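A structural walkthrough
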Amino acid sequence: MKESDMIFDIIKRRRSVRRFDGTTIPKEAMEQILEAGRWAPSGANAQPWRFIVVTRKEKLAEISDFCYYKLFKSRHVGEASAAVVICADPDAGSQTYVLDAAIAGTNMTLMATSLGIGSCWIGAFEEQNLKKMLHIPEKLKIIALIAFGYEVGKASVPPRLPLSSIVHYETYEDKNEPDLITKKKSSGPFSVFGKLLRVLFNRR
Ligand SMILES: Cc1cc2nc3c(=O)[nH]c(=O)nc-3n(C[C@H](O)[C@H](O)[C@H](O)COP(=O)(O)O)c2cc1C
């Protein structure tokens, strides 16, 4: 396979995995994932990220309690094999510390995919409670958490907007704006209805 095809294949195969079997991730694999984060680019090469790796089951379960958005709970965090809490230091010398940390996270999820390890970004959490629990210094900002583990089943592929509705060449032209129906379709079939069902039946 061409290198470009290999990279695209990993990018496309990365899914948000919400069912994990709880198997331990080997130390070497976890280190490769963290190394991929370490090699991310950052503003002024400030490397403002700090990663906290949590693997203890009881801690993951506790973290999971802090991860929710309104009625939507990210219970899969409690079933993951590991969670990496991505923090960033706003004073590390990069104005783009949030972006930097997000790029590091992206590198990690792609590396995980290449190793056959599932991942899921978690952006909804109680920052202060997490900070307290993990003894994270007040000056750091928690950017996101990423749950890692071996997938049970196979996550469906949420559709993407077509290039024709998101790319503008040379200047921005309104005619390309995706209409509401295209947007809805591309954010997952029966997206809202499906989410509601999952909440009602305690699924994800
Ligand atoms: C910054 C960010 C925050 C996210 N937060 C959550 C979350 O709190 N809980 C969750 O289950 N999924 C979360 N996701 C996963 C998205 O729902 C998912 O990426 C999207 O539906 C596309 O699916 P895919 O990742 O399988 O391509 C988040 C993704 C990103 C990039």
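Refer to the structure above for everything that follows.
Residues numbered from 1 in each chain as written. Predicted model: local features only at pLDDT ≥ 70, side-chain atom pairs only at ≥ 80, totals over all residues. Heavy atoms only, no water.

Here we look at unusual backbone geometry
The condition is simple: A helix here means a DSSP run of H or I that spans at least four residues, while a strand means a run of E at least two residues long, and both kinds are numbered starting from the N terminus. Exposure is judged per residue with a 1.4 Å probe applied to protein chains only, and the accessible area is read against the type maximum: over 50% gives exposed, under 20% gives buried, and values in between give partly exposed.
The backbone phi angle of Ala-44 is positive, close to 55°, even though this residue is not glycine. Structurally, the position occupied by Ala-44 is in the loop between helix 2 (27–38) and strand 1 (49–54). With relative accessibility at 70%, the residue Ala-44 sits in the exposed group. In this model, His-135 sits at a positive phi of 55°, which is unusual for a non-glycine residue.

Structural notes on the packing of helix 1 (residues 3–13) against helix 5 (residues 97–114)
The criterion, for reference: Note on geometry: axes are C-alpha line fits, over the in-contact stretch for helices, and angles between N-to-C directions span 0 to 180 degrees. For classification purposes, an angle smaller than 35 degrees is called roughly parallel, one larger than 145 roughly antiparallel, one from 65 to 115 roughly perpendicular, and anything else oblique. Here, residues are in contact when the closest pair of their heavy atoms is within 4.5 Å. Gly is placed with the polar residues, together with every amino acid not listed as nonpolar (Ala, Val, Leu, Ile, Met, Phe, Trp, Tyr, Cys and Pro) or charged (Asp, Glu, Lys and Arg).
With their axes 9 Å apart at the nearest point, helix 1 and helix 5 run at an angle of 100° to one another. Classified by the interaxial angle, the pair formed by helix 1 and helix 5 is roughly perpendicular. When helix 1 is examined against helix 5, the residues Ile-10, Ile-11 and Arg-13 are found in contact with a partner set consisting of Leu-110, Thr-113 and Ser-114. Considering only residue class, the contact of helix 1 with helix 5 consists of three nonpolar, two polar and one charged.

Description of the site of the ligand
To keep it simple, the criterion reads: It suffices for a single heavy atom of a residue to lie within 4 Å of a molecule or strand for the residue to be listed as near it. Under the rule applied, a polar contact is a pair of N or O atoms within 3.5 Å (in protein, one hydrogen donor and one hydrogen acceptor; residues adjacent in sequence only if both atoms are side-chain atoms). Computed with a 1.4 Å probe, the accessible areas rest on the Shrake-Rupley method; for each residue, only the protein chains presented here act as cover.
Neighbouring residues of the ligand: 13 residues in total, closest Arg-14, Arg-15, Ser-16, Arg-18 and Arg-160. Arg-14 is positioned such that a nitrogen or oxygen atom in its side chain is 2.9 Å from an oxygen atom of the ligand. At 2.8 Å, a side-chain N or O of Arg-18 approaches an oxygen atom of the ligand. Taking 620 Å² as the accessible area of the ligand by itself, protein coverage stands at 63%. Ranked by residues supplied to the shell around the ligand, first place goes to strand 5 (residues 118–122) with three residues.

What is shown is where atoms sit, not what they do.
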